[in-house]
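Coordinates in review
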Amino acid sequence: MKNQIRNLGVVIVTLLLSSCHDSQSHHHKVDEEQHEDHHGVVLFSEHDAHHIGLQVDTIRLGAFSNVLKVSGKISATRSGEQTIVAPTSGVVFFAGKNLTEGMYLKSGETLLSISSKKMQDGDEGVRLTAVYEAAKKEYDRASELIKDNIISQKHYDQAKLDYMQAKNAYDAYYENSSEHGISASSPISGYLKSLLVKQGEFVTVGDPIAIVTQNKRVQLNVDVPEKYAQDLPSIRTANFKVSYDDSIYKLSNMSGKLLSYGKSTSQGSFMLPVIFEFDNICNVLPGSYADVYLLARKENNVISIPHSALLEEQGLYFVYLQTMPEHYVKREVKLGQYDGERHRVLDGLAEGDIVVINGAKHLKIAEASAIIPEGHSHNH
């Protein structure tokens, strides 16, 4: 009887050990299968996606313009500029005003003063005062003498003319005078394009001292290599980016228009000029250099994505696709032309794909962290 009981116990223990082993094998198999299902998938909760501003967009076929990438320069139109000249001769004095090119000036705003005090030729104000007082005295005398016909009408008229000229010069001088000299003001509201003088510099009357531009309507001047000459007639508009700003500006949004394009190169040059004009609502500075994307004829049924959707790794480009809510996968794409805003996609995407267009860097960080989906720990 004891032997039977002992044998029964051995059988029971053996069955229990076998069941446990099968259970552990099953759990490992299920775990491996579940990890296999999540290979290459980045899990990102809707809450986290909303928190970082992650955005997606569905790929649709659309139009995309052929692009010529060139360089250009912003310049003011001639009608929108005025040159300020020295109202008198003397030494330039800024009076503590910090003048910098690009600053905004109101019409009538003082830029600087010009003083002739302590100059070899004497103070201009003193000279004008003496001339005015002498002319007035002679005019008053002539006015009395003409009543009795003691002087001729011609003599009287000359005395009157001398007086009026002296008075106009005197009034103009003291109307703009201060303790620092005669003020030079901006005749228009606009931006200081060029400051042509320095503190303490001597100028003579009529010398240009500054250029002010209203900056309302400006030009984009582009040089295009002659090998693209056959493409110039199809150019419609352009996008551009200035060196000091990461924004992409579109002439189509700024009442831009194509003024002209060159039909021949100048001697010694292999470039053709292209000139646009647009409303400067973005306040770009005349004289700025720009990267320009000339937009020519359009092609339809093209896949394109915004630049913000792209990630670069060792010279290759990738995007993240949303395969289902909270599930994202990385995919390599091959790119074509870039218009400053969007890239043409030659391969890797299809109509209907849902692409992450903002926040892809956060998905890359999550993928690099090798996050294991919740409930799939390797510890057993």
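Please refer to the structure placed before this passage.
In this report, we go over the structure that sits alongside the text. (Residues numbered from 1 in each chain as written. Predicted model: local features only at pLDDT ≥ 70, side-chain atom pairs only at ≥ 80, totals over all residues. Heavy atoms only, no water.)

As for the environment of I59
- Checked against the element boundaries, I59 lands in the loop between β2 (55-58) and β3 (62-76).
- For I59, a relative accessible area of 5% translates into the label buried.
- Spatially, the C-alpha atoms of I59 and G352 are 5.1 Å apart, while their sequence positions differ by 293 residues.
- Those residues in contact with I59 that lie beyond four places of it in its chain are I303, S304, I305, L349, A350, E351, G352, D353 and V355. (Helix = DSSP H or I, 4+ residues; strand = E, 2+ residues; numbered from the N terminus. Buried < 20%, exposed > 50% of the residue type's maximum accessible area, 1.4 Å probe, protein only. Contact = heavy atoms within 4.5 Å.)

Notes on the sheet that holds strand β12 (residues 208-213)
- Taken in spatial order, the 4 strands make up an open sheet running β4-β12-β10-β6, and their pairing is antiparallel. The sheet is open, and its two borders are formed by β4 (81-85) and β6 (104-105), each paired with just one other strand.
- As defined by bridge partners, β4 adjoins β12 across 5 bridges and the pair is classed as antiparallel. Note that in β12 the partner of Q82 across the bridge is V212. (Pairing = 2+ DSSP bridges.)

Some thoughts on helix α5 (residues 360-368)
- Along α5, the residues classified as buried are A360, L363 and A366. Buried residues of α5, seen end-on, are gathered within an arc of 115° and therefore sit on one face of the element. Facing away from the buried side of α5, by more than 90 degrees, are the exposed residues K361, I365 and A368.
- Structurally, α5 contributes buried residues whose contacts are with β1 (41-43), β20 (311-313), β21 (316-324), β22 (327-338) and β24 (354-358). (Arc of directions from axis to C-beta.)

A look at unusual backbone geometry
- Although it is not a glycine, N301 sits at a positive phi angle of roughly 55°.
- The topology assignment puts N301 in strand β18 (residues 289-302).
- Accessibility expressed as a relative area gives 59% for N301, which makes it exposed.
- Within the chain, E326 stands out as a residue other than glycine whose phi angle is a positive 70°.
- Relative to the helices and strands, E326 is located in the loop between β21 and β22.
- Among the residues examined, E326 registers a relative accessible area of 33% and is labelled partly exposed.

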